[in-house]
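Descriptive analysis of the structure
Okay, here's what each chain looks like letter by letter:
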Amino acid sequence: MGESRKLAVSWRDGACSIRGFDSFDLHTTCQCGQAFRWVRAGNAGQLEEGVVQGRFLRLEQRDAELVVHPPADDETIAVVVDYFRLRQSHTAVEASIAGIDPTMAAAVDSARGLRLVAQEPWECLISYIVSANNSVAQISRVVENLSRAWGKPIGSSSRYSFPAPGDLECASQADVLTCKAGFRSRSICEAARRVARGELDLNAVTAMDYHAAKQELIRLRGVGEKVADCVLLFSMGKFEAFPVDVWIERVVRHLYFGGEKTSQRDIREWAADKFGDLAGYAQEYLFAYARLAIPDRLRSG
DNA sequence: AGCCAGGACACGA
DNA sequence: TCGTGTCATGGC
């Protein structure tokens, strides 16, 4: 999992072209349900628009080339490269997982080029508090509502930055409820207060090892093992995390436990033993594999 | 009308 | 420790 690839970056007409990365699929990565602010632009093709670190990004993949549409300054390119971990040799990760057994080979085949993106911990935390007993489409809607209500407008993009902890702390629970956050509104407000007041330091949590960090996150209302694992995996670089949701529970039970009902705890232990350091990547391919049976229109957002 | 969605939590046995 | 009802909200 070393970050060693050398990328080639070139500009033309204000757009920037990044080359030199290996296995990467923009659309698969943006629409797999790990991040909630990406919108596919156009019906087909590889064009995605999203907001990362307060920047509006308009990205287009042309095979082995990733185009960052204007404005594409040095800092924006750095944000894109870090977010998608483009310096990481992903072919090796996929080969390693596919080599585990035929089922995992099929799972990797179903979503080749799927990356684990490096989200911002604060936004990721709130997003996954919102995710509880919710659909991907609805989560995206609520995150966008929160941004529109308390974030800052980004140029002429019609999009808004995700609100900082201090900005969200100003919101009342009733205000958050108007964003359609439902019963999660109280959890959102409490998390905002604790982070804004420095009672919870997400950078410090990121620096902890997996188990210590998880224990810390779970102290928050609305954060159980599954949500904590998502935050750890999608924003804190803890690749051993294996979030167990209803989809993972179903697909693992069916593919590996002969259809017998298995506790989430058993599945987590099984995954840690079977996948080790790559459990998080294995989980994402299994998640994509499981959801493949569902018609595309249900996932488009 | 009823079930489900990238669950968490309080409760009771 | 393990199962169960409940929590908003929208799509099917």
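If you're wondering where the values come from, they're calculated on a predicted model, not measured in any experiment.

Here we look at the sheet that holds strand E2 (residues 15-19)
Hydrogen bonds along the backbone pair up the strands of a sheet, which may run parallel or antiparallel. In spatial order, the strands read E1-E2-E6-E5-E4-E3; together these 6 strands make up an open sheet with antiparallel pairing. Unpaired on one side and paired on the other, strand E1 (8-12) and strand E3 (39-40) mark the two borders of the sheet. In this structure, E3 lies alongside strand E4 (residues 47-52), joined through 2 bridges in antiparallel fashion. Along E4, the bridge assignment pairs Val-39 with Glu-49. Relative to strand E5 (residues 55-62), helix H2 (residues 74-83) is tilted by about 65°, and along the sheet it contacts E1, E2, E4, E5 and strand E6 (65-68).

Describing the protein's contact with DNA strand B
Taken together, 28 residues are adjacent to DNA strand B, and Gly-33, Val-136, Asp-245, Arg-250 and Gln-283 come closest. In DNA strand B, atoms within 4 Å of the protein come from the sugar-phosphate backbone in 55% of cases. Contact distances for DNA strand B include 3.1 Å between a phosphate oxygen and a side-chain N or O atom of Trp-247. One nitrogen or oxygen atom from the side chain of Arg-291 is found 2.9 Å from a phosphate oxygen belonging to DNA strand B. Sorting the residues of the surface near DNA strand B by element identifies helix H12 (225-235), helix H13 (246-256) and helix H15 (279-291) as the ones contributing at least two each. Partitioned by chemical class, the residues of the surface near DNA strand B number 12 nonpolar, 9 polar and 7 charged.

Considering the protein's contact with DNA strand C
The full set close to DNA strand C counts 9 residues, and Asn-133, Lys-180, Gly-182, Phe-183 and Arg-184 are the nearest of them. Backbone sugar and phosphate groups make up 55% of those atoms of DNA strand C lying within 4 Å of the protein. In this structure, a base nitrogen belonging to DNA strand C sits 3.1 Å away from a side-chain N or O atom of Asn-133. Phe-183 has a polar backbone atom sitting 3.2 Å from a sugar or linking oxygen of DNA strand C. For the surface near DNA strand C, a count of residues per class yields 3 nonpolar, 3 polar and 3 charged.

Structural notes on the pattern of salt bridges
A complete count under the given rule lists 21 salt bridges for this structure. Put simply, Asp-109 and Arg-112 hold a salt bridge, and the shortest N to O gap is 2.9 Å. The class for Asp-109 is exposed, based on a relative accessible area of 53%. Its relative accessible area of 42% is what places Arg-112 among the partly exposed residues. Measuring nitrogen to oxygen at the nearest pair gives 3.0 Å for the salt bridge that ties Arg-197 to Glu-169. Here the residue Arg-197 occupies a position in the loop between helix H9 (185-196) and helix H10 (202-207), and Glu-169 occupies one in helix H7 (residues 165-169), the gap between them amounting to 28 residues. The exposed category is assigned to Arg-197, whose relative accessible area is 54%. Residue class for Glu-169 comes out partly exposed when judged on its relative accessible area of 30%. Among the charged side chains, a network of salt bridges with common partners joins Lys-214, Glu-225, Asp-229 and Arg-268.

Thoughts on the state of the cysteines
A covalent bond between the sulfur atoms of two cysteines is referred to as a disulfide. Applying the stated criterion across every chain, the model contains 0 disulfides. Cys-32 provides the cysteine sulfur closest to Cys-30, a residue in no disulfide bond, and the two sulfurs are 8.3 Å apart. Of all cysteine sulfurs, the one in Cys-124 lies closest to Cys-230, which takes part in no disulfide; the gap is 7.3 Å.

Examining the domain arrangement of chain A
We note that the domain assignment places domain 1 (8-110), domain 2 (121-235) and domain 3 (246-300) within chain A. The interface of domain 1 with domain 2 comprises 12 residues on the first partner and 16 residues on the second. Contact between domain 1 and domain 2 buries roughly 1100 Å² in total, counting both sides, with carbon and sulfur atoms accounting for 57%. Our count for the domain 1 to domain 2 interface comes out at 1 salt bridge. Scanning the region where domain 1 abuts domain 2 turns up 6 residue pairs in polar contact (both at pLDDT 80 or more). With 3 residues, E4 is the single largest residue contributor to the side of domain 1 that touches domain 2.

The rules behind these values
- Residues numbered from 1 in each chain as written.
- Chains lettered and ligands numbered in written order.
- Predicted model: local features only at pLDDT ≥ 70, side-chain atom pairs only at ≥ 80, totals over all residues.
- Heavy atoms only, no water.
- Pairing = 2+ DSSP bridges.
- Helix = DSSP H or I, 4+ residues; strand = E, 2+ residues; numbered from the N terminus.
- Contact = heavy atoms within 4.5 Å.
- Axes fitted to C-alpha atoms, helices over the stretch in contact; angles between N-to-C directions.
- Near = heavy atom within 4 Å.
- Polar contact = N/O pair within 3.5 Å; in protein donor to acceptor, adjacent residues only side chain to side chain.
- Nonpolar A, V, L, I, M, F, W, Y, C, P; charged D, E, K, R; others polar.
- Salt bridge = Lys/Arg side-chain N within 4 Å of Asp/Glu carboxyl O.
- Buried < 20%, exposed > 50% of the residue type's maximum accessible area, 1.4 Å probe, protein only.
- Disulfide = S-S within 2.5 Å.
- Domains from an automatic or database assignment.
- Buried area = accessible area lost by both parts, 1.4 Å probe.

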